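Read off the chains here:
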Amino acid sequence: MLNLDTIDLSHNKLSGEIPKSLEKLQHIQVLDLSFNLLEGEIPSGGNFANLSTETFLGNYALCGAPKFHVPLCLDKTKRQSKSNAARVIADCAIGGSALLVIVCTLIGISCYRKRGLLKRSDDTERLQGITLPVSTKADVYSYGILLLEVFTGRKPTDEQFDGDFSLRQWVAEAFPVAISDVIDSHLLNESNTIPTERSAAMNELLVMIMEIGLSSSNVSPNERMDMKEELSFMTNQLTGHLPKDVGHFLPNLQLLAMTESPRYAVLPRILVPCWTQLRRLYLHQNMLTNVPGNRELSILTSFTNCRLLEEVDLSQNLLNSILPASASVGNLTTTLWNLELNSNQIEGTIPLALANLTKLIASGLSSNKIKGLIPLNVGQMHSLQVLLLDNNALEGLIPLSIYQLVRMYVFYFQHNMLFGSISSSINNLTSLQLLNLSSNNLSSTLPPGLCELKGLLDLYLQDNSFTGRLPSCLGNFATIVDMDISLNKLSGELPISLSKLQMLGYLNLSHNTFDGHIPQQLDHMVNIEFLDLSHNKLSGEIPKSLEKLQHIQALELSFNLLEGEIPSGGKFANLSAESLLGNYALCGPPKFHVPLCLDKTKRQSKSNVARVIAACAIGGSALLVIFCTLIGISCYRKRGLSKRPDDIERLRGITLPVE
């Protein structure tokens, strides 16, 4: 594919290394491999030298040039040594905390594996930035042996291990009482502590880690602990609080991941200041609280010492504070590209200084109690691609500067109190893929510029007060999958251009005032699974072409003004009465709770009877009208079109006026 100029493989589950053969693509201008499971070294030749960070975003096992915001790759000589992983674990062990040892064991082994020291299965799963092997028995065995190697400093092939006497057996004989006899003395000596500081607690930690190694490397595969059990074992051992002086023990720490542990209460006052090398901090889904007595979220200001910090995730904790209003917040670091503070009961307003984080690519403040206006200077964050402000109490207009964020592809503002209109300048956001403005107080018409977002995948505008017609240009959304514009005040006919949305799987236009007929061409939406047109003023017959919708799972047409026969083919056979409720002129099978439909012959005969009566009426005599009516009904009954014997009797007793 020598002439290829654009490749987009983002947001998939591609694994393995990036082929160096891609360096040969001389004409490539756009290459997007973000949000996959890629690993190894990023190629440096060809046009790779011109690529940006966004190309590789979300591939947490890649290494390469610093400009890509990934770790440096170690050379082959360094990859042959396990001492770096051991030193990371040793540094962690100094703190004497089960949490630190276990987390840093994972970090050390993760680094060990990322540098090519352990072959990884193609199947991987992400645990907050640490890629762990899937729990196949063979891979768990390798993981167990690796633990024993790292902590003993011995190899299974060493001369002392001969015949039936293996590395595992050597450790097992010392376990648990004499476990310190088999631990690598160099590892302990490098910890910068004196023997008296290594307490019984340290021994317990070593016992716990060796227990994992022994269990994972059991001779019988059926008796080995699988990876899920190991992770559960390690996380369930975490108790107590983080030491107040934990920062002093880990001066070179680059990554800390502590998640889903409900036992930690307070973020230590000096958790971060000592970690000048820290790049990634994952502390989400815990029960962390702010420093007592501090109304502001103090940990944010402490990040000013972390000049290399790239990612911070403190989501789903109990921080219950306000964002610092000082200018220092905007000067946290020049390298920070991801800041997540979702679901923390954060109150107050968004400080203007936050917009000074011009390198920020993703920012999450959703599901908090933030109020006030969206900062007018948000447009300064020109690198921003993901902005999550949903489920707060924000109010006011959407700032015009937001439409300057041309790299934005996720825009979540739902469940706030925003009002006003969507600016026509939204057409600047050509990279936008996910737009959610639902459940606000937005009004006015939908701007035509919305249709220029041709890469849009999800559009949620429901539960607002939008008026006017549905733009006919919505057919430009060639890639859209979900669209919900229900619960608004839109009117007019449904545009035929909706039929062009062949990738659409979910369409909800209910609870508006759309009128006219349902377009026959909607059968061209070949991937539609959910279609809701209920609670409108749609009239006419239900198009039989809708029978061709093979993937439809839910079709809601209730409470309209539809009439005629309900189609019976395709998925209509599986519909319930609720799908068509409130359309009083429909007919069809009894299961829909509607009258039976007359066949064409009967409908034609009824038409003939009507013509007879109409002809009689031309004479202008009441007697003639009644007489012809009786004749018409008689003919109608003779043809078997009426099953009621007393039709004529109903006319008896009518007193005619005397002329």
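Residues numbered from 1 in each chain as written. Predicted model: local features only at pLDDT ≥ 70, side-chain atom pairs only at ≥ 80, totals over all residues. Heavy atoms only, no water.

A. How the structure looks around the overall build of the chain. Regarding its fold elements, the chain presents 12 helices and 30 strands. Buried residues in the chain amount to 50% of all 659 residues. Relative to all contacts within the chain whose residues are 6 or more apart in sequence, the contacts with residues 24 or more apart total 54%. Carbon and sulfur atoms provide 53% of the accessible area of the chain, an area that totals close to 31,500 Å². (Helix = DSSP H or I, 4+ residues; strand = E, 2+ residues; numbered from the N terminus. Buried < 20%, exposed > 50% of the residue type's maximum accessible area, 1.4 Å probe, protein only. Contact = heavy atoms within 4.5 Å. Areas by Shrake-Rupley, 256 points an atom, 1.4 Å probe, with all protein chains shown as cover.)

B. Representation of the packing of aromatic side chains within the structure. All told, the structure shown has 5 aromatic pairs when counted by the stated rule. Considering the side-chain rings of Phe 48 and Phe 56, the 6.4 Å spacing of their centres and the 15 degrees angle between planes classify their relative orientation as stacked. On the accessibility criterion, Phe 56 (3% relative accessible area) is buried. Both rings, one in Phe 161 and one in Phe 165, keep their centres 6.1 Å apart while their planes meet at 40 degrees; by these two values the pair is tilted. On the basis of relative accessibility, which here comes to 10%, the residue Phe 161 falls in the buried class. Ring-pair connections join several aromatic residues into one group, and the members of that group are Phe 161, Phe 165 and Trp 170. (Phe/Tyr/Trp six-rings, centres within 6.5 Å; stacked < 30°, edge-to-face > 60°.)

C. Molecular detail of the sheet that holds strand β29 (residues 561-565). Strand order in this open sheet of 6 strands is β21-β23-β25-β27-β29-β30, and the pairing throughout is parallel. Each edge of the sheet is formed by a strand with only one pairing partner; in this case those strands are β21 (467-469) and β30 (585-587). Shown here is a sheet whose adjacent strand axes are inclined to one another by a mean of 20 degrees, direction ignored. Where β29 meets β30, 3 bridges bridge the pair, whose relative direction is parallel. (Pairing = 2+ DSSP bridges. Axes fitted to C-alpha atoms, helices over the stretch in contact; angles between N-to-C directions.)

D. Spatial organisation of the side chain of Ser 534. Tracing the backbone through its elements, the reader meets Ser 534 in the loop between β26 (530-532) and β27 (537-541). Judged by its relative accessible area of 5%, Ser 534 falls in the buried class. Not counting the four nearest positions on each side in its chain, Ser 534 is found in contact with Ser 510, His 511, Glu 556, Leu 557, Ser 558 and Asn 560.

E. Representation of the environment of Asn 342 in the model. For Asn 342, the position within the fold is in the loop between β11 (338-340) and β12 (362-364). When the C-alpha atoms of Asn 342 and Ser 315 are compared, they prove to be 4.6 Å apart, with 27 residues separating the residues in sequence. There is a polar contact of 3.1 Å between the side chain of Asn 342 and the backbone nitrogen of Leu 365. (Polar contact = N/O pair within 3.5 Å; in protein donor to acceptor, adjacent residues only side chain to side chain.)

F. Just the pattern of salt bridges, in detail. Per the stated rule, a full pass over the model turns up 7 salt bridges. Arg 280 is the salt-bridge partner of Glu 311, the closest N and O atoms lying 3.1 Å from each other. With Glu 311 in strand β10 (residues 311-313) and Arg 280 in strand β9 (residues 280-282), this pair connects stretches of sequence that are 31 residues apart. For the pair formed by Glu 311 and Arg 280, the shared burial category is buried. For Lys 544, the salt bridge goes to Glu 547, with nearest N and O atoms at 3.1 Å. Three or more residues are tied together by salt bridges with common partners; here these are Arg 279, Arg 280, Glu 310 and Glu 311. (Salt bridge = Lys/Arg side-chain N within 4 Å of Asp/Glu carboxyl O.)

G. Structural view of the confidence of the model for the chain. When pLDDT is averaged along the chain, the result is 76; 69% of the residues meet or exceed 70. Note that residues 107-138 has pLDDT below 50 and, in this model, 76 contacts with residues that lie over four places away or in other chains. (pLDDT = per-residue confidence, 0-100.)

H. How the structure looks around the pairing of β29. Taken together, the 3 bridges between β27 and β29 define a ladder with parallel strand orientation. When the sheet's bridge partners are listed, Gly 540 is paired in β29 with Leu 562.

I. The arrangement of the environment of Leu 434 in detail. Structurally, Leu 434 is set in strand β18 (residues 434-436). For the pair formed by Leu 434 and Gly 455, sequence separation is 21 residues and the distance between their alpha carbons is 9.2 Å. Once residues within four sequence positions are removed from consideration, Leu 434 is found in contact with Tyr 409, Val 410, Phe 411, Tyr 412, Leu 456, Leu 457 and Asp 458.

J. View of the nonpolar core. Judged by nonpolar contacts, the single largest core of 93 residues is most densely connected at Phe 477 and Met 483. With residues up to four places along the chain from it excluded, the contact list for Phe 477 reads Leu 450, Cys 451, Leu 453, Leu 456, Leu 459, Met 483 and Leu 501. In terms of nonpolar packing, the next biggest core, distinct from the first, is built from 21 residues, Ile 145, Val 150, Trp 170 and Leu 214 among them. (Core = buried A, V, L, I, M, F, W, Y, C linked by side-chain atoms within 4.5 Å.)

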